[in-house]
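Listed below, chain by chain, are the residues.
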Amino acid sequence: MQTMPAHAAHHDDREIETLEEFDATVSARGTLAGHRVQAVDLTDRTRELLTTDTAGAVFLGCAMREEAATKVRADGALVFPPAPDLPFDPYRGHVYSPDELFESLPDGYEATPDARAYAWFQRTKADRDIYASMLRAVHDDSVSDALDELLSGARVVGVMGGHAMARGTEEYAGAARLGRELARAGFTVATGGGPGAMEAANLGAYAAPFGDEMLTESLELLAKAPHFTPSITQWATAAFEIRMRWPQGGRSVGIPTWFYGHEPPNAFASHIAKYFANATREDGLLARSNAGVVFLPGAAGTVQEIFDNATPNYYESRGEPTPMVLVNRVHWTEKLPTWPLLQSLAGGRSMEARIALVERIEQAPEALKRLGG
């Protein structure tokens, strides 16, 4: 039903991201020369490291014993040791899972790795520390690499919309049904990974493998904690209760940022690519939405995303223009008259055939199909 690969088998075969891959490479090839080993704990692989050629290898954030580190350096390998006392791993080989970011949620959201990473970001941003900004850049690059591996071969549809859309509203239910329909049609749903419209679309993709009544019941249960204020803990706990009651939901991607620290990631995206730099995240989300983007009513952030998406479609800098579907005529023609400007830009260009304005959210999947040819 869904096209996102079950695991990332598509990375460079010189990249080693798990202990299993490390062992398989050592036994099959007998050498680690020229390989990249990323965020793998090698403390119990001293014998292998001492007896295997590691010339030209790079070890990114791999814990290892002192004698092993000395030997691989002598081989000419480059060793970037793990950075101590960080609430995140800058060299990570995989995107995040909700369980990872929300670990320790029962002790309150403040105790989670997500909240601790944000607190670290706030602290180091104020210091303007070059070391901290380097760690953030390395982390964001590692996340982008992992996201590309994850989405290799997938047909991705972005769903954009504001964080203000509350659970329990008809708009939220509509966005969830949209996510479900896209996932059932074989698309990988990608959102900005936050609350509101973003959470609703990820919830819909999560609900895709189940009978329709699962989403109806979930929407009722979630309505009891409608917003992530005043308590992120209660808001997130409600989502994890749904996931426990209906485990193994459909897959989708959330791409949030610590830049908006007041805004937590949602727990319904099975894969979360979280960034420190909002510009990297914003561009990356739209660039990876290769099968089009649906824009639900939103405010300044969504307007920005519309034109972030329109610019490469206008210049065809990423190749063929991708479909853009705006939902809610009054919102995009009167309240925030984005549609007339988008139409004027598209006039006489190949992107003209790739944009649409629809009244109701239910019409978005059909419009996407039509525009995508």
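Rules and cut-offs
- Counting restarts for each chain: residues are numbered from 1 in the order of the written sequence.
- Confidence filtering applies because this is a predicted model: local features only for residues at pLDDT of at least 70, side-chain atom pairs given and counted only at 80 or more, and all residues used for totals across whole chains, interfaces and linings.
- Only heavy atoms go into the side-chain values, all of them from the structure, while hydrogens and water stay out.
- Helix and strand definitions here come from DSSP, where helices need a minimum of 4 consecutive H or I residues and strands a minimum of 2 consecutive E residues; each element is numbered from the N-terminal end.
- Each residue's exposure class comes from its accessible area (1.4 Å probe, protein chains only) as a fraction of the maximum for that residue type: buried when under 20%, exposed when over 50%, partly exposed otherwise.
- We call two residues in contact when some of their heavy atoms are within 4.5 Å.
- For the area figures, the Shrake-Rupley method with a 1.4 Å probe applies, and any residue is considered shielded solely by the protein chains shown.
- In this count, Lys and Arg are taken as positive residues and Asp and Glu as negative ones, while His and the chain termini are left out.
- Charge positions are represented by NZ for Lys, CZ for Arg, CG for Asp and CD for Glu.
- One less than the residue count of a helix, multiplied by 1.5 Å, gives the span that helix is expected to have.
- How far each domain reaches was decided by an automatic or database domain assignment.
- Here the rule is simple: two strands pair whenever DSSP picks up at least two bridges between them.
- The handedness rule is simple: strands pointing away from the viewer, and a clockwise path from the first strand over the helix to the second, make the crossover right-handed.
- What qualifies as a polar contact is a pair of N or O atoms within 3.5 Å, subject to a donor-acceptor requirement within protein and to the restriction that residues adjacent in sequence count only when both atoms come from side chains.
- Here a pair means two rings of Phe, Tyr or Trp (six-membered ring of Trp) with centres within 6.5 Å. Their orientation is stacked below 30 degrees between planes, edge-to-face above 60, and tilted elsewhere.
- Note on method: axes are straight lines fitted to C-alpha atoms, helices fitted across the in-contact stretch only, with angles between N-to-C directions ranging 0 to 180 degrees.

## A closer look at the overall build of the protein chain
And step 1. Tallying secondary structure elements over the protein chain gives 15 helices and eleven strands in all.
And step 2. The C-alpha extent of the protein chain, read off along each of the three principal axes, is 65 × 50 × 45 Å.
And step 3. In the protein chain, which comprises 373 residues, the share counted as buried stands at 54%.
And step 4. Residue pairs in contact within the protein chain that sit at least 24 positions apart in sequence constitute 63% of those at least 6 positions apart.
And step 5. Surface exposure of the protein chain reaches about 16200 Å², of which carbon and sulfur atoms provide 53%.
And step 6. With 34 positive and 50 negative side-chain charges, the protein chain shows a separation of 3 Å between the mean positions of the two kinds.

## What to know about helix H12 (residues 300–315)
And step 1. End to end, H12 covers 23 Å across 16 residues, agreeing with the expected 22 Å (1.5 Å per residue, within 8%).
And step 2. Burial in H12 covers these residues: Thr-302, Glu-305, Ile-306, Asn-309, Ala-310, Pro-312 and Asn-313.
And step 3. Where the residues of H12 are buried, they touch strand E5 (156–160), helix H11 (278–288), strand E9 (293–295), strand E10 (324–327), helix H13 (329–335) and helix H14 (338–346).
And step 4. Residue Glu-316 follows H12 closely and has a positive phi angle near 55 degrees.

## Notes on the domain arrangement of the protein chain
The figure often quoted for interface size is the accessible area lost as the parts come together.
And step 1. Here the protein chain is partitioned into domain 1 (15–80) and domain 2 (147–291).
And step 2. A C-alpha centroid distance of 37 Å is found between domain 1 and domain 2.

## Here's the deal with the sheet that holds strand E3 (residues 58–60)
And step 1. In spatial order, the strands read E1-E2-E3-E4; together these four strands make up an open sheet with parallel pairing. Looking along the sheet, the strands with just one partner apiece sit at the ends: strand E1 (15–16) and strand E4 (78–80).

## Observations regarding the environment of Ala-154
And step 1. For Ala-154, the location among the structural elements is in the loop between helix H6 (130–151) and E5.
And step 2. For Ala-154 and Thr-188, which are 34 residues apart along the polypeptide, the C-alpha to C-alpha distance reads 6.6 Å.

## Notes on the pairing of strand E6 (residues 188–191)
And step 1. Side-chain alternation along E6 places Thr-188 and Ala-190 on one buried face and Val-189 and Thr-191 on a second face that is also buried.
And step 2. Judged from the four bridges that link them, E5 and E6 form a sheet pairing that is parallel. Bridging from a neighbouring strand, Val-156 pairs with Thr-188 of E6.
And step 3. For the segment spanning E5, helix H7 (residues 170–184) and E6, crossover handedness is right-handed.
And step 4. Inspection of the sheet shows E6 paired to strand E7 (residues 253–254) by two bridges, in the parallel sense. The partner of Ala-190 across the bridge, within E7, is Val-253.

## Observations concerning H6
And step 1. In this model H6 runs 32 Å from its N-terminal to its C-terminal C-alpha over 22 residues, within 8% of the 32 Å that 1.5 Å per residue would give.
And step 2. In this structure Asp-129 caps H6, since a side-chain oxygen of it lies 3.0 Å from the backbone nitrogen of Tyr-131.
And step 3. Within two residues after H6, Gly-153 carries a phi angle of roughly 85 degrees, on the positive side.

## Brief notes about the packing of aromatic side chains
And step 1. The tally for this structure, following the rule as stated, stands at 14 aromatic pairs.
And step 2. Note on Phe-121 and Phe-276: the rings are 5.4 Å apart at their centroids and 65 degrees apart in plane angle, and the pair reads as edge-to-face. One end of the pair, Phe-121, is in helix H5 (residues 113–127); the other, Phe-276, is in the loop between strand E8 (271–272) and H11, with 155 residues separating them in the sequence. For the pair formed by Phe-121 and Phe-276, the shared burial category is buried.
And step 3. On the numbers, 6.3 Å between centres and 35 degrees between planes, the contact of Tyr-206 with Phe-210 is tilted. As far as burial versus exposure is concerned, Tyr-206 and Phe-210 are alike and both buried.
And step 4. By the ring-pair criterion, three or more aromatic residues cluster together here, those being Phe-88, Tyr-96, Trp-120, Phe-121, Trp-258 and Phe-276.

## Describing the sheet that holds strand E11 (residues 355–358)
And step 1. Judged by pairing direction, the sheet is parallel, and its seven strands sit side by side in the order E8-E7-E6-E5-E9-E10-E11 without closing on themselves. Both outer strands of the open sheet, E8 and E11, are each paired with one neighbouring strand and no more.
And step 2. Here H11 sits on the sheet in contact with E5, E6 and E9, set at roughly 130 degrees to E5.
And step 3. Sheet strands in contact with H14 are E10 and E11, and its direction is about 155 degrees off that of E11.

## Brief notes about unusual backbone geometry
And step 1. Cis geometry is adopted by the peptide bond preceding Pro-230, which originates at Thr-229 and carries an omega value of 0 degrees.
And step 2. Looking at the secondary structure, you find Pro-230 in the loop between helix H9 (212–222) and helix H10 (232–245).
And step 3. A positive phi angle, near 55 degrees, is found at Ala-39, a position not held by glycine.
And step 4. If you trace the backbone, Ala-39 turns up in the loop between strand E2 (36–38) and helix H2 (46–51).
And step 5. With relative accessibility at 25%, the residue Ala-39 sits in the partly exposed group.
And step 6. Phi angles above zero are rare outside glycine, and Arg-128 is one such case at about 55 degrees.
And step 7. Locating Arg-128 in the fold gives a position in the loop between H5 and H6.

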